[in-house]
Amino acid sequence: MSKAYPMPSLGAGMEAGTVVEWHVEPGQKVSRGDVVGVVDTEKGAIEIEIWEDAEVEAIVAAPGTKVPVGEPLLRLRTAVEEEEKEEAPAVGAEERTGGEAPPAATAEAAATAEEPAPPTEMADDEFVEEVWEEEQEASVPAEEPSRRLRASPVARKRAKELGIDLEGLQGSGQDRAITLSDVEGAAKKGGSEEAPAAAPKAAEVKEEAAEAAEVAPEADTDEDLATEAGEDRHAAMRKAIATAMARSKREIPHYYLAHTCSLEASLRWLRETNQNRSPSRRLLLAALYLKAVAGAIEEFPEFNGFWEDDAFQPADGVHPGMAISLRGGGLVAPAIHDANSRTLEELTEAIRDVVQRSRAGHLRGSEVADPTITVTSLGDRGVDTVFGVIYPPQVAIVGIGTAVERPWAEGGMVGSRRTATLTLAADHRASDGHRGALFLDRISQRLQSPEDL
Amino acid sequence: MKTTYREAVREAIREAMDRDDRVFLMDEDVGHYGGCYAVSKGLLEEFGPERIRDTPLSESGFVGAGIGAALGGMRPIVEVMTVNFSLLALDQIVNNAATLLHMSGGAFNVPVVIRMATGGGRQVAAQHSRSLDGWYAHIPGLRILTPATLEDARGMLWTALEDPDPVILFEHVLLYNMEGELADDAGPVPIDRAAVRREGSDVSLITFGIGVVKALQAAEGLAEEGISAEVLDLRTLRPLDDDAIVETVRRTHRAVVVDEGWRSGGISAEISARITEGAFYELDAPVARVCGVEVPTPYPEHLERAALPQVEDILEAARALISGKDGTL
C-alpha cells in the first residue's frame, strides 16, 4: 500500500521543518527505527526515524524544502497489497520542490520517464485527493522552478507604498509567500539597522549539567559551521523557547518546592567507583541524578506525563529530558529513554552521546518529542537553587543546584557536608504539593544510597 | 432577564400578535402540540385557534395560503417545521412569494414571514438535518435572516413583519436551548447590517447562525494561543452586508468563512468571492472555508460530528492561515 510519511511533530509548537538531507533513496527498504534523514527545526537538525517496515517509493520533499508538520516527506510502500506496485511508480516530485533532488531519484525519474503514464502527476493527484478534505491544498506545490514571485496582495500593496523590492524577501506565509509582516519587518530592518541581539540570559533559561558539559569540549568547532542558516536557527530557537516558556507561564499554575540534601554519599561512592576506571568509562554525577529521578518517578507517576485536553495523561515510559545548553545560546532537553531501567553505565553513555549530538545538531526526532519530565542542573554555574519552568505539555521539572559544602547538623553533631538543593516545579493541575514533597524527598533518599541506583 | 432562544422567539411572536391584529401564526402542530420545537407552547390558549392555526400536512398548501393571506392584507407568520420540509413548498416560496411584486408590475407586495428550523447536529439523519439557508439566499425577492443571538431571536421577527416583502427566518435547531441574558426592554432590531460579535486583529471568522456560537468559542481558544480573532455575524444572508465583510477583512487581512452548508455553490463561496472582489488587495492569505462535508448528513453521532463544522475545525483553519505569519512557529 502506498502511503505518505509525514513531517513528524518534534515537540510542542513545531509547525514546520526544513529537509537537510536524505539517507535513503527511492527503492530502498527501511525498517522500523531507521534514521531516514535529517530535518532542521528550531531545535537544530534532527534525525528522523521511520516507524514501520517499508520501501521508499519516492522522495516528496527534496533537501531545502520547508514542510509543515503532517505534510508528506516521503511516499512509502508498505508490505500489504504488493499488486499495486505497477500502479504508481511515483518518482520523487522533484519539480514540486525545486531543490536538488537526490541523484538517485533523478536517475530513476529519467528511467521511468519513457513509460506511458506520467507517474509524477499521478502521485500528486493521489496526494491532492488525500488532503482535499483538510482543505490545506495551499501547502501542496512548494515551488516550481520558474514562477512569479509569491506575495500576498496586501504585502504587494504595502511594499509598493514603502518602496520595498519584494525580490529577495524571505516569505513566511503559506507556501512561503511573502506576507504583510515580512514586508513590514523588512521595512523596519532597513530603517533602524539590525538591533543587536542582546543574548537574552533569561532567568528561566536552564543550563546543562556541569558534568555533561565536560564531555563535549569540541562542540564549539561544530558550531563554527554556523552560517546564516545557523543564525536563523538560533533566532528560531529563541523564538521556540519564548513561545514554549510564555505558554508555560501563561497556562501552567506552577508550584515550587525545594529540599536540600546531602550529596556526600553519592559523591563518595562516585569517586570510589571512578577511581579504577579509565576517564572514558567514568560515571557522571548527572547519571546518578537522572537515575534517582527516574526511579522515584515510578512511585509518583503523576509527575511523568502530559497535561493535554484538560486532563493529565500519564506517560507510558520514563523518559526524562535533560536540559542541555548550547554554546551559541539556547537549549534543548532531549529524552534519555527509559532512564529508570538503564544502568548508570548506560545512562552515562547515553548522556555523553546526547550532549555531543545536541551540540552538533544531530538529535533524533524521538529524543526531541518524547520527554515526559525535565531534569535540569545548573551544575558548576554556582547557583544554589533552580526555579524551573515546565516545558509544556509536561507537568514537572526537577532542578538540581550546585553541590556546595555546607555546615550540616546530623545526629546532634554539626559537620561539613557537600549538599545540593533539589527543586521541583510542578503543574498544580496535575499534582498537589503533598505528593510533590514526597517525590522530592524520594529523590533525595535515593541519592543517599547510590550503590542501589 | 435570563431566558432562552426558544422563549425569545416566542416572546417575539407574542409581541407581534399584540401589536398587530393582522398577524397570525400557522403550521403543522403549532397549536395544540405547542410547536415541534415547543416555540409556540401556550400561544393557542392565549390567542385562540383563529390566530394560532394548526394546518394539514401540506407545506405547499399552507405556505401558499400564507402568501395569499399576505396578498390579501394580513401579516402571516408561516412556520415550516424545518427547512427540510420547505422543499415541498419551494414553488410557493420561489415562484410565487419571491416574484409576485415583479410579476405584478409593482402592484402587489407579499408581506409574508416564513420561519424555519434549520441545520444538523441532533442525530436526525440526512433528510432532517439540512442547512439550506444559503440556498434560499440565492433567490432575489427574498430576504434571508439568520438570528444567532437572543437579541436577534427576540428582535428580528417584528422588523421582518414590517418589511413589505417576503422574509425567511432560519432558526438553527441547536440554538433553541441556548440560555443567556436578555435585556428586559429588548425589542425589534435592525436587520440590514452584519454585526461584529468579537473584535480581533489577526483573522476574521465570518459566519452566521450556529456558526457564530462555534466561532466565538474558537476565538476564545485562539486568544489563548495569542491569535486575535474577529467574529463577524452576518445576520442577513440576503442582501449580504458587503461593507461589513470588506471592513473586517481590511482589519485582519485573513478570513475564515464558516458555514454548516456545503461548500460547492454555497453561501461560503459567495462570501469568499465578495472578499476577493471587494478586498483582494487587503488579503494576506487565501480565504479559508470551514463547511459541512459534502455528504448527506450521517446519522451516527461520531459521523455527524465529523460531517459538520466543529470548533476544532475552525481553530485549525485559522491556525493554518496564521501559522505562516511568524514563520516556523
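Residues numbered from 1 in each chain as written. Chains lettered and ligands numbered in written order. Predicted model: local features only at pLDDT ≥ 70, side-chain atom pairs only at ≥ 80, totals over all residues.

Okay, the overall build of chain B next. Secondary structure summary: chain B contains 13 helices and 14 strands in total. With 329 residues in all, chain B has 53% of them scored as buried. (Helix = DSSP H or I, 4+ residues; strand = E, 2+ residues; numbered from the N terminus. Buried ≥ 20, exposed ≤ 12 C-beta atoms within 10 Å, placed from the backbone.)

On to the environment of Glu 277 of chain B. Locating Glu 277 of chain B in the fold gives a position in helix H11 (residues 267-279). Separated by 31 residues in sequence, Glu 277 of chain B and Val 246 of chain B place their C-alpha atoms 9.2 Å apart.

Turning next to the pairing of strand S4 (residues 35-41) of chain A. All names here are of chain A. Counting buried residues along S4, 6 of its 7 residues qualify, which places the element largely inside the surrounding structure. Relative to S4, strand S2 (residues 16-22) runs antiparallel, the two being bridged by 4 bridges. Bridging from a neighbouring strand, Thr 18 pairs with Asp 40 of S4. Sheet topology places S4 next to strand S5 (residues 44-49); 6 bridges connect them, and they run antiparallel. Residue pairing for S5: Thr 41 is matched across the bridge by Gly 44. (Pairing = 2+ DSSP bridges.)

Turning our attention to the sheet that holds strand S3 (residues 29-30) of chain A. Residues and elements named next belong to chain A. Spatial strand order, S1-S8-S6-S3: 4 strands in an open sheet with antiparallel pairing. Bordering the open sheet on either side are strand S1 (2-6) and S3, each of which pairs with just one other strand. Alignment of S3 against strand S6 (residues 54-59), held across 2 bridges, turns out to be antiparallel. Counted as the bridge partner of Lys 29 is Glu 55 from S6.

Residues and elements named next belong to chain A. Axis separation between helix H10 (residues 285-299) and helix H13 (residues 433-448) bottoms out at 9 Å; the angle between their running directions is 130 degrees. In terms of orientation, H10 and H13 fall into the oblique class. Considering the relative orientation of H10 and H13, their crossing is right-handed. Within the contact between the two elements, H10 uses Leu 288, Ala 292, Val 293, Gly 295, Ala 296 and Glu 299 and H13 uses Phe 439, Arg 442, Ile 443, Arg 446 and Leu 447. (Axes fitted to C-alpha atoms, helices over the stretch in contact; angles between N-to-C directions. Parallel < 35°, antiparallel > 145°, perpendicular 65-115°, else oblique. Left-handed = near helix turned anticlockwise from the far one by under 90°. Contact = placed C-beta atoms within 7 Å.)

What follows concerns the confidence of the model for chain B. Predicted confidence across chain B gives a mean pLDDT of 96, with 98% of residues reaching 70 or more. Among the scores for the predicted complex, ipTM is 0.75 and pTM is 0.51. (pLDDT = per-residue confidence, 0-100.)

Further remarks concern the nonpolar core. Grouped together as the largest cluster of nonpolar side chains are 110 residues, with contacts concentrated most on Leu 157, Leu 205, Val 256, Ile 314 and Ala 318 of chain B. Filtering out sequence-adjacent residues up to four positions away, Leu 157 of chain B remains in contact with Ala 12, Ile 13, Ala 16, Val 113 and Leu 169 of chain B. Counting residues in hydrophobic clusters, the runner-up holds 90 residues, among them Ile 252, Ala 292, Val 318 and Ala 333 of chain A. (Core = buried A, V, L, I, M, F, W, Y, C linked by C-beta atoms within 7 Å.)

This next bit is on the environment of Gly 64 of chain B. In this fold, Gly 64 of chain B is placed in helix H3 (residues 59-71). Along the sequence, Gly 64 of chain B and Ala 89 of chain B sit 25 residues apart, while their C-alpha atoms lie 7.8 Å from each other.

With that settled, consider the confidence of the model for chain A. Residues shown with low pLDDT carry predicted positions that ought not to be read at fine detail. Residues and elements named next belong to chain A. Residues of chain A with pLDDT of at least 70 account for 74%, and the chain-wide mean is 76. In this model, residues 81-146 is a region of pLDDT below 50 whose contacts with residues beyond four sequence positions or in other chains number 94 contacts. In this model residues 192-227 is a low-confidence stretch, pLDDT under 50, and it forms 53 contacts with partners more than four residues away in sequence or in other chains.

Attention now moves to the sheet that holds strand S10 (residues 203-207) of chain B. Residue and element names in this part refer to chain B. Pairing is mixed across the open sheet formed by 5 strands, whose spatial order is S9-S11-S10-S13-S14. Of all the strands in the sheet, just strand S9 (195-198) and strand S14 (288-292) have a single pairing partner and so form its edges. On average, each strand axis in the sheet is tilted by 25 degrees relative to the strand beside it, whichever way the strands run. Pairing of S9 with strand S11 (residues 229-233) involves 3 bridges; the strand directions are antiparallel. In the strand pairing of S11, Ala 195 is matched with Asp 233.

All right, on to unusual backbone geometry then. Between Pro 392 of chain A and Pro 393 of chain A the backbone carries a cis peptide bond, its omega angle lying at 5 degrees. Its location among the elements puts Pro 393 of chain A in the loop between strand S16 (373-377) and strand S17 (396-400). Note that the residue after Arg 238 of chain B, namely Pro 239 of chain B, is joined by a cis bond; omega there is -5 degrees. Take Pro 239 of chain B: it is sitting in the loop between strand S12 (236-238) and helix H10 (242-252). With a phi close to 50 degrees, Asp 309 of chain A is a non-glycine residue in the positive phi region. Although it is not a glycine, His 253 of chain B adopts a positive phi angle of roughly 70 degrees. For His 253 of chain B, the location among the structural elements is in the loop between H10 and strand S13 (255-262). Assessed through the 25 C-beta atoms surrounding it within 10 Å, His 253 of chain B is described here as buried.

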